Amino acid sequence: MMNRRQILCAAAAGAATLVRVPTVGAATFDLVIKGGRVIDPSVGLDGIRDVAISGGRIVAVEANVMGDAADTIDARGKIVAPGLIDIHTHAGRGKDSPALALQDGVTGFVDAGSGGPDNIDEIAAVLRGAPQIGRALVNVAARTGFTGGELMDINRANVTLVRGAIARNRDVVVGVKARLSHDVAGTNDLEGLRRAQEAASSFDLPVMIHMGQSISPMRAILPLLKRGDIVTHMYAPPPNSILDDQGRLIPDVAAARRRGVLFDFGNGVSGHFNWNMVERAAAQGFWPDTLSTDWNAMSRTTGVVDFPNVMSKMLMFGMPLMQVIATATVNAARVFPAFDDRGTLNIGAPADVAIMELRDGNFEFVDNYQGKRAGRQRLFPIATVLNGKRAPARA
Ligand SMILES: [Zn+2]
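Residues numbered from 1 in each chain as written. Predicted model: local features only at pLDDT ≥ 70, side-chain atom pairs only at ≥ 80, totals over all residues. Heavy atoms only, no water.

**Thoughts on the sheet that holds strand 12 (residues 262-263)**
To keep things clear, this is the line we draw: Paired strands are those between which DSSP finds at least two bridges. For helices the rule is a DSSP run of H or I covering at least 4 residues; for strands it is a run of E covering at least 2, with both sets numbered from the N terminus onward. Residues are treated as being in contact if the distance between any of their heavy atoms lies within 4.5 Å. To get an axis, a line is fitted to the C-alpha atoms, and for a helix only the part in contact is used. The angle between two axes follows their N-to-C directions and goes from 0 to 180 degrees.
Across the sheet, which stays open at both edges, the seven strands sit in the order 6-7-8-9-10-11-12 with parallel pairing between neighbours. Looking along the sheet, the strands with just one partner apiece sit at the ends: strand 6 (84-89) and strand 12. Examined bridge by bridge, strand 8 (residues 133-139) and strand 9 (residues 173-179) share four bridges and lie parallel to one another. Its bridge partner being in strand 9, Ala136 is matched across the sheet by Val173. Across the sheet, helix 4 (residues 159-168) touches strand 8 and strand 9, and the angle it forms with strand 8 is around 165°.

**Describing unusual backbone geometry**
Most peptide bonds are trans, and most residues other than glycine sit at a negative phi. A cis geometry characterises the amide bond from Pro238 onward to Pro239, with omega recorded as 0°. Following the sequence through the fold, Pro239 ends up in the loop between strand 11 (230-232) and helix 8 (251-258). A positive phi angle, close to 55°, is found at Asp204, a residue other than glycine. Following the sequence through the fold, Asp204 ends up in the loop between helix 6 (189-201) and strand 10 (207-210). The backbone phi angle of Gln370 is positive, close to 65°, even though this residue is not glycine. In this structure, Gln370 sits in the loop between strand 13 (353-366) and strand 14 (372-386).

**Considering empty space enclosed by the protein**
To keep things clear, this is the line we draw: In the cavity and pocket records, a cavity denotes points on a 1 Å grid over the protein atoms alone where a 1.4 Å probe fits but cannot get out, a pocket denotes an open set with protein on both sides within 12 Å along at least 5 of 7 lines, and lining residues are residues with an atom within 4 Å of a point. Grid points are joined across faces, edges and corners, and a volume is the space filled by probe spheres set on the points.
A full pass over the atoms with the stated rule returns one cavity of 30 Å³ or more. By volume, the largest cavity amounts to about 50 Å³. Asp86, Thr89, Ala91, Ala101, Asp104, Val106, Phe109, Thr293, Trp295 and Phe307 together form the lining of the largest cavity.

Okay, here's the thing in structure tokens:
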């Protein structure tokens, strides 16, 4: 049964579907996650609860679930959140990468541009074999055999070929990616983006741009973005950042957000963010809509480490825990229809769960310029449940 707080939260969130699914026969569950601090931003819930799972779905979120369970996870002292959705990774690059990301709590991801029209079929094959939902953004430019950036020669961005790549992989491709920094696109940033939009619009799909150090300024780039498009590496330092020379948020950026353009963190390794940018933008209330890692199989040895580590960086700057988890769950699910029923612990939802531990201590975090900051809290991945089943633990 829902308690009063849950009912109030559900009502506040307008979630009319938070109704317990009846279980057949005796109250026996496949899995109960016991006694954790359940944080589900989709309904504004933050409280100690049991989460009961049957048939791969959430069947109860209650203070004390009664009944036998075939399997139990003791989550006391841990955070129990919806499975994490990472909308900017490169988990499609390696056959074993999706399973690695799953160990970090990532139950859904988008490979953002590892594949262009020339190699998307290989990436798509990896994603089809992934244990969790893996989708891809096709790079507007062919990816193989280039020197410098893939958009330096604009002829590498062939709209017909991109459309063909999408048409061949409609089950996997959920958008188009264009990397616009000077070392990737040179003076072709705007034309590369126009071609990405042309290909995407044929299928009513979003475009994700990788911003930062582009030749064209944001005030020229942003008008080419439509509602639902995504700007990743939002805290990339100048030239051509989201801030002006005085460190103030550019009005065009605020206007783009108002009309539905989404801003994504995109941690990455080099050139994509520094602490000063995060601090200045956050001080003006400009937080990410979504957090993402720009992860690949090597990320555990870089400043990325894992998705919970990236989330911890926003905690350090004072983003509330509920909001941090929202950016990695329900907000991310809203970006792509493939994740429509994910990013939540609502009754009836697929049972994707990230169990994390929020530890207190002194933790060092690194930006893309070897800048170090000390934080007092860090989230660690503890266990992952995918479609109601425990995923193999991290080695
Ligand atoms: Zn990337």
